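Secondary and tertiary structure notes
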Amino acid sequence: MLKMNTHPRSATLPELAALGPAAAAAVRDLLRQCPAYRPTPLLDLPRLAQELGLAQLAVKDESQRFGLGAFKALGGIYAVLRLGQDYAAARLQRTPHMAELLDGSLRELMRGLTMVCASAGNHGKAVAAGCRLLGCRALIYVHRSVRPCRLEAIRAQGAEVRQLDLGYDDAVAQAGADARAHGYVLVSDTAGPGGDRVTGWVMQGYTALIDEALEQLPQPPTHVFVQAGVGGLAGAAAAYLAAARATVATRVIVVEPRRAACLLHNADAAVPARIAAEAPSVMSMLDCREPSLLAWRVLRETAYAYLAVEEDEAVHAVRRWAAPSDGDPRLLAGASGATGLAGLLHAGARAPMREALGLDAAARVLLINSEGPNDTQAFTEQTGLSVVWPAQASMHA
Ligand SMILES: Cc1ncc(COP(=O)(O)O)c(C=O)c1O
């Protein structure tokens, strides 16, 4: 299902500047102070591009970001560092340098801080890794369908993990309520009303990957197919590219599981609403029923179109990357990581969609492999392929 974005553009949304190239440069400056920060690879897939009739197909491979298996490390760690700095500043009556926070000299102070978030897996792992860097406590809520390997990966970063008998969106609400009740600091990657500040930092963190990709690409992309859960990644990508529009004109297509297409269904809403629950999606990191208000606002102004894909299309995309055409590099992805490719293959196979999106022989498409096969069992069940995956690698290794 394809829905073009027909929302009128205001062109004055303040978030666009906050998520633009200057902000991304500041994020990268800060992240360079962390161990294990380095740009992730950008891979060129010339054979698949040829098969799809495109000029170029490039994939930003986030599967090894910070050794944490997903792009989410950028946003979670960046937001935790900013929050930790604020916390210390309020107690020291001066703003400490990030180096002081990272070299352990403020550990005693940081021990008094608890950060909390709800997560399907990757955001929680990132927040836990950031808290470990600062020496503060991480408390991560996961919803009922999160698989044990995901819980273990979060625990391996030193966090306390609580599995709640709730769905994802209710676990998010619970984390917010408990933060207020107990004086914890909430690190949410999805914004409810008034929740823009920290979620904005999380999204700013994600802009670093688009900034890196534009440095790595010979020419800017004409299209980005980017997968969405609550919309933070897609919103960050689209806002960055909109802010850079003077030099880059890119169409951003937001790809969601058909079962959890909360952005597509809320594209024309005056106020976004929770969509009806369906069976869990194999794209488990995208299985959200309510968009982030911040991402939804940004995407209304910046997305070119919304596209929904079926379960089997995501699994097919995982296989396509894992067993590539001759000459193309192999990419290891979980189903959520390959959903952008599923969207491209879906649109590429349908002439009216190709035309509506301008996917032609001049198109240069960028995809994001947003996570590796972090759930190796699911990967093997879905693809029939076995995989050795260093999902638990720690930032300190
Ligand atoms: C691997 C992966 N891809 C994509 C997303 C989507 O990000 P967002 O929820 O910001 O839309 C997530 C979110 O957790 C994720 O873990």
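Scroll up to find the structure this text is about.
As a starting point, this report considers the structure included with it. Being a predicted model, the structure only gives us computed values, none of them experimental. (Residues numbered from 1 in each chain as written. Predicted model: local features only at pLDDT ≥ 70, side-chain atom pairs only at ≥ 80, totals over all residues. Heavy atoms only, no water.)

On to the pairing of strand 11 (residues 364-369). Regular strands place their side chains on alternate faces of the sheet. Burial analysis of strand 11 places six of its six residues in the buried class, the great majority of the element. Every second residue of strand 11 is oriented toward a common face, with Arg-364, Leu-366 and Ile-368 on one face and Val-365, Leu-367 and Asn-369 on the other, all of them buried. Inspection of the sheet shows strand 3 (residues 56-61) paired to strand 11 by six bridges, in the parallel sense. When the sheet's bridge partners are listed, Val-59 is paired in strand 11 with Leu-367. Sheet topology note: the strand 8 (residues 223-227)/strand 11 ladder contains three bridges and is parallel. Residue His-223 lies in a different strand from strand 11, and its bridge partner there is Val-365. (Buried < 20%, exposed > 50% of the residue type's maximum accessible area, 1.4 Å probe, protein only. Helix = DSSP H or I, 4+ residues; strand = E, 2+ residues; numbered from the N terminus. Pairing = 2+ DSSP bridges.)

This part covers the site of the ligand. As a structural note, the neighbourhood of the ligand is formed by 14 residues, with Asn-122, Gly-229, Gly-231, Gly-232 and Ser-370 the closest of them. One of the side-chain N or O atoms of Asn-122 is found 2.9 Å from an oxygen atom in the ligand. Val-230 has a polar backbone atom sitting 3.0 Å from an oxygen atom of the ligand. The protein chains hide 97% of the 390 Å² of surface that the ligand would expose on its own. According to the grid-proximity analysis, the pocket containing the ligand is the largest cavity. (Near = heavy atom within 4 Å. Polar contact = N/O pair within 3.5 Å; in protein donor to acceptor, adjacent residues only side chain to side chain. Areas by Shrake-Rupley, 256 points an atom, 1.4 Å probe, with all protein chains shown as cover. 1 Å grid on protein atoms, 1.4 Å probe; cavity = no way out; pocket = protein on both sides within 12 Å on 5 of 7 lines; lining within 4 Å. Sits in = over half its atoms within 2 Å of the grid points.)

This part is about the sheet that holds strand 5 (residues 137-142). In space, the four strands of this open sheet follow the order 6-5-4-7, with parallel pairing throughout. Whereas interior strands pair on both sides, the edge strands pair on one side only; in this sheet they are strand 6 (160-163) and strand 7 (185-186). One ladder, built from two bridges, connects strand 4 (residues 114-119) with strand 7; its direction is parallel. Note on strand 7: the bridge partner recorded for Met-115 is Val-185. With respect to the sheet, helix 8 (residues 148-155) is in contact with strand 5 and strand 6, its orientation differing from that of strand 6 by roughly 155°. (Contact = heavy atoms within 4.5 Å. Axes fitted to C-alpha atoms, helices over the stretch in contact; angles between N-to-C directions.)

Bringing the packing of helix 2 (residues 21-31) against helix 10 (residues 196-216) into the picture now. One can describe the packing of helix 2 onto helix 10 by two numbers: an axis separation of 8 Å at closest approach and a directional angle of 100°. Taken together, the axis directions place helix 2 and helix 10 in an arrangement best described as roughly perpendicular. Mapping the contact onto sequence places Pro-21, Ala-23, Ala-24, Val-27 and Arg-28 in helix 2 and Gln-204, Gly-205, Thr-207, Ala-208, Asp-211, Glu-212 and Glu-215 in helix 10. In the contact of helix 2 with helix 10, the residues fall into five nonpolar, three polar and four charged. (Parallel < 35°, antiparallel > 145°, perpendicular 65-115°, else oblique. Nonpolar A, V, L, I, M, F, W, Y, C, P; charged D, E, K, R; others polar.)

What follows is about the pairing of strand 9 (residues 251-257). Summarising burial for strand 9: six of the seven residues are buried, a large majority. Examined bridge by bridge, strand 9 and strand 10 (residues 305-309) share five bridges and lie parallel to one another. Looking at the pairing, Pro-257 lines up with Val-309 of strand 10.

Okay, the packing of aromatic side chains next. Considering all chains together, one arrives at two aromatic pairs under this definition. Plain terms: the ring middles of Tyr-37 and Phe-66 are 6.0 Å apart, the flat faces sit at 50° to each other, and that makes the pair tilted. With Tyr-37 in the loop between helix 2 and strand 2 (42-44) and Phe-66 in the loop between strand 3 and helix 4 (72-92), the pair connects residues that are 29 residues apart, well separated along the chain. Each member of the pair, Tyr-37 together with Phe-66, is buried. The cationic tip of Arg-91 hangs over the ring face of Tyr-87; the distance from NZ or CZ to the ring centre is 3.8 Å. Over the ring of Trp-296 we find Arg-300; its NZ or CZ atom is 4.1 Å from the centre of that ring. (Phe/Tyr/Trp six-rings, centres within 6.5 Å; stacked < 30°, edge-to-face > 60°. Lys NZ or Arg CZ within 6 Å of the ring centre and 35° of its normal.)

Moving on to empty space enclosed by the protein. One pass over the full model with this rule turns up five cavities of 30 Å³ or more. Roughly 320 Å³ of volume is contained in the largest cavity. Taken together, 27 residues make up the lining of the largest cavity; nearest its centre are Phe-71, Lys-72, Gly-229, Met-285 and Leu-286. Secondary-structure elements contributing two or more residues to the lining of the largest cavity are helix 7 (122-134) and helix 11 (232-243). Counting residues per element, the lining of the largest cavity draws most heavily on helix 11, which supplies three residues. For the lining of the largest cavity, the residue count by class is eleven nonpolar, twelve polar and four charged. Structurally, the lining of the largest cavity is a two-domain feature, drawing no fewer than three residues from each of domain 1 (2-70 + 203-383) and domain 2 (72-197). (Points joined across faces, edges and corners; volume = space filled by probe spheres on them. Domains from an automatic or database assignment.)

Counting across every chain of the model gives zero disulfides. This cysteine, Cys-117, is not joined by any disulfide, and Cys-131 carries the nearest cysteine sulfur, 8.2 Å off. The thiol of Cys-149 is not disulfide-bonded; the next cysteine sulfur, from Cys-117, is found 17 Å away. Assessed through its relative accessible area of 27%, Cys-149 is described here as partly exposed. (Disulfide = S-S within 2.5 Å.)

Before going further, it helps to spend a moment on the sheet that holds strand 2. An order of 1-10-9-8-11-3-2 is seen for the seven strands of this open sheet, with the pairing classed as mixed. Two strands lie at the open edges of the sheet, namely strand 1 (2-4) and strand 2, each paired on one side alone. For this sheet, the mean angle separating the axes of adjacent strands, direction not counted, is 20°.

Size it by volume and the largest pocket reaches roughly 620 Å³. Ser-145, Pro-280, Ser-281, Ser-284 and Asp-287 are the residues nearest the centre of the largest pocket, which is lined by 34 residues in total. Of all the secondary-structure elements, those providing two or more residues to the lining of the largest pocket are helix 9 (168-182) and helix 17 (376-383). Counting residues per element, the lining of the largest pocket draws most heavily on helix 17, at four residues. Residues that form the lining of the largest pocket fall into these classes: twelve nonpolar, ten polar and twelve charged. Among the domains, domain 1 (2-70 + 203-383) and domain 2 (72-197) are the pair contributing at least three residues each to the lining of the largest pocket.

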